[in-house]
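# Overview (structure and organization)
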Amino acid sequence: MSGGSVEPDLCASLPPVYDPKMEHSTLARIRPSLRACVALALLGLLSVSTAPAHDVVAELTRVASELVATVETSPARIPMQLSYSLEDPQRRVVDCCPAMVGAERPGLTYGLMPLDQRRATHAVLRTFLSDGGYLLVHAIRGLEDTLRTTATGVGLVRMSDAYRVQLFGTPANDSAWGFKFEGHHLSVNTTVADGQFRGTPLFLGANPAEVRAGPHAGVRVLATQQDVARDLVLSLSAAQRSTAIVGDRSDGGGLQPGPLPDVPAIRGLSASRMEPAQRVRLKTLIASFANVFRPEIARAELDRVEAAGLETLVFEWRGSTDPGMPYSYRIQGSTVLIEVDVIEDEPGAGANHVHAQWRDPQRDFGDDLIGEHLERDHADRPDDPRRP
């Protein structure tokens, strides 16, 4: 597997080979290893691994091309589309809502892929995700099976294979292209151009954030993003809180399909007014998102945030600081926008539903790369709206 490490909430119970027929027998073998996962998690998505670097972009281009080949040569005629143009507006649409019965959504559905296409999809994901990030993606998918037995909602599809794959453009060393893996509580968007990689926007969610019944009771997903944030806000002095806490109600955390919303106005407590231990917690939260990706990518992202100035980051909190109550927080700077909403689905049920996103306002969807690519290699397209 790729470099990186695992935190406790990433040890959801999906088998190492994602064949539904193997699920139950494999789960019995995996569950006793949960303590080992917790021990590995002490390294977590909290610090960048020192695994050896490799050419992520070249490898990603190769495995994405192999995915295209499996679709083009497949004897199975699946009435869905994998490849779209880079200009297709669907590339910039984020849709993390649950699928509706009978509703058509763009992309190739994972659950309808033959085995070779599933293997190729996993090869793509493993190329740019860390070990912990890869497990996190499939832990989020696995929670759909929990929701299928516990959640209400007429017409909603609750299946761990109801996720979609899309490619935008043609994977090649001399072209700009993108990859998307998306479904309920998950939108992984990557862009490649001129040997460079972009991985934002990234959307992650969990419901239930803590499984409280059944064979996987006690498993938590996105725990670091919740626990460290609460530790940070509780560590603030009264004066710091008066600036950091900007409202007594959370944002609500609704996920609506569509283009990215505008970057919000910056409010909250500047990191320049934090104590050293508080800034460490702030960096830990940022690292928990960056380390979803391979160490080479994560290190570059964290270096970028530090180069822009940690002291320029702002931390904003809304809602309660009490355990089990709804809240939201935001970490914002020129190169990073993290938003986390912890939601209570029903009054009195406790907040156990998380939406989280990581964006780079300057580089979402690889806008910087594509603009530079067009400027240099496609001078015959001066009216392209993506040109800087």
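Let me sum up the structure you'll find in this document.

This part covers unusual backbone geometry. Residue Thr200 is joined to Pro201 through a cis peptide bond whose omega torsion reads 5 degrees. You can see Pro201 is positioned in the loop between β8 (196-198) and β9 (202-206). The residue after Asn207, namely Pro208, is reached through a cis peptide bond having omega 0 degrees. Among the structural elements, Pro208 can be located in the loop between β9 and α6 (223-235). Positive phi values are uncommon outside glycine, yet His185 reaches one of about 65 degrees.

Further remarks concern helix α9 (residues 295-308). Think of an α-helix as turning once every 3.6 residues; residues three or four places apart then point the same way. For α9, with 14 residues, the first-to-last C-alpha span of 20 Å sits near the 20 Å given by 1.5 Å per residue. If you check which residues of α9 are buried, you get Pro295, Glu296, Ile297, Ala298, Glu301, Leu302, Arg304 and Val305.

On to the environment of Ala300, then. Turning to its location among the elements, Ala300 is positioned in helix α9. With relative accessibility at 45%, the residue Ala300 sits in the partly exposed group.

With that settled, consider the packing of α6 against helix α8 (residues 276-290). Between α6 and α8, the least distance of the axes is 9 Å, while the angle of their chain directions is 160 degrees. What the angle tells us is that α6 and α8 run roughly antiparallel. The crossing of α6 and α8 is left-handed. Across the interface between the two elements, Thr224, Gln225, Val228, Ala229, Asp231, Leu232 and Ser235 of α6 pack against Gln278, Arg281, Leu282, Thr284, Leu285, Ser288 and Phe289 of α8. Taken together, the residues of the contact of α6 with α8 sort by class into six nonpolar, six polar and two charged.

With that settled, the discussion passes to the packing of aromatic side chains. Two aromatic rings are characterised by how far apart their centres lie and by the angle between their planes. Taken as a whole and judged by the stated rule, the model has 11 aromatic pairs. Plain terms: the ring middles of Phe128 and Phe197 are 5.7 Å apart, the flat faces sit at 35 degrees to each other, and that makes the pair tilted. Of this pair, Phe128 sits in helix α4 (residues 115-128) while Phe197 is found in strand β8, placing the two residues 69 residues apart along the sequence. The same class applies to Phe128 as to Phe197, namely buried. Considering the side-chain rings of Phe293 and Trp358, the 6.0 Å spacing of their centres and the 50 degrees angle between planes classify their relative orientation as tilted. Within this pair, whereas Phe293 is found in the loop between α8 and α9, its partner Trp358 is found in strand β15 (residues 353-359), the two being separated by 65 residues in sequence. A connected cluster of aromatic rings, assembled from ring pairs, spans Phe128, Phe179, Phe197, Phe293 and Trp358. In this arrangement the basic side chain of Arg126 is found over the ring face of Tyr134, its NZ or CZ atom lying 5.1 Å from the centre. The ring of Tyr110 carries the charged tip of Arg141 above its face, separated from the ring centre by 4.6 Å.

Looking now at the packing of helix α3 (residues 56-72) against α4. Where α3 contacts α4, the axes come no closer than 9 Å and their chain directions differ by 165 degrees. Judged on the interaxial angle alone, α4 and α3 are roughly antiparallel. As for how α3 packs across α4, the hand of that crossing is left-handed. Two secondary-structure elements touch here, α3 through Val56, Glu59, Leu60, Val63, Ala64, Leu67, Thr70 and Val71 and α4 through Asp116, Gln117, Ala120, Thr121, Ala123, Val124, Thr127 and Phe128. Residues belonging to the contact of α3 with α4 are distributed by class as follows: 10 nonpolar, four polar and two charged.

Cut-off values and rules
Residues numbered from 1 in each chain as written. Predicted model: local features only at pLDDT ≥ 70, side-chain atom pairs only at ≥ 80, totals over all residues. Heavy atoms only, no water. Helix = DSSP H or I, 4+ residues; strand = E, 2+ residues; numbered from the N terminus. Expected span 1.5 Å × (residues − 1). Buried < 20%, exposed > 50% of the residue type's maximum accessible area, 1.4 Å probe, protein only. Axes fitted to C-alpha atoms, helices over the stretch in contact; angles between N-to-C directions. Parallel < 35°, antiparallel > 145°, perpendicular 65-115°, else oblique. Left-handed = near helix turned anticlockwise from the far one by under 90°. Contact = heavy atoms within 4.5 Å. Nonpolar A, V, L, I, M, F, W, Y, C, P; charged D, E, K, R; others polar. Phe/Tyr/Trp six-rings, centres within 6.5 Å; stacked < 30°, edge-to-face > 60°. Lys NZ or Arg CZ within 6 Å of the ring centre and 35° of its normal.

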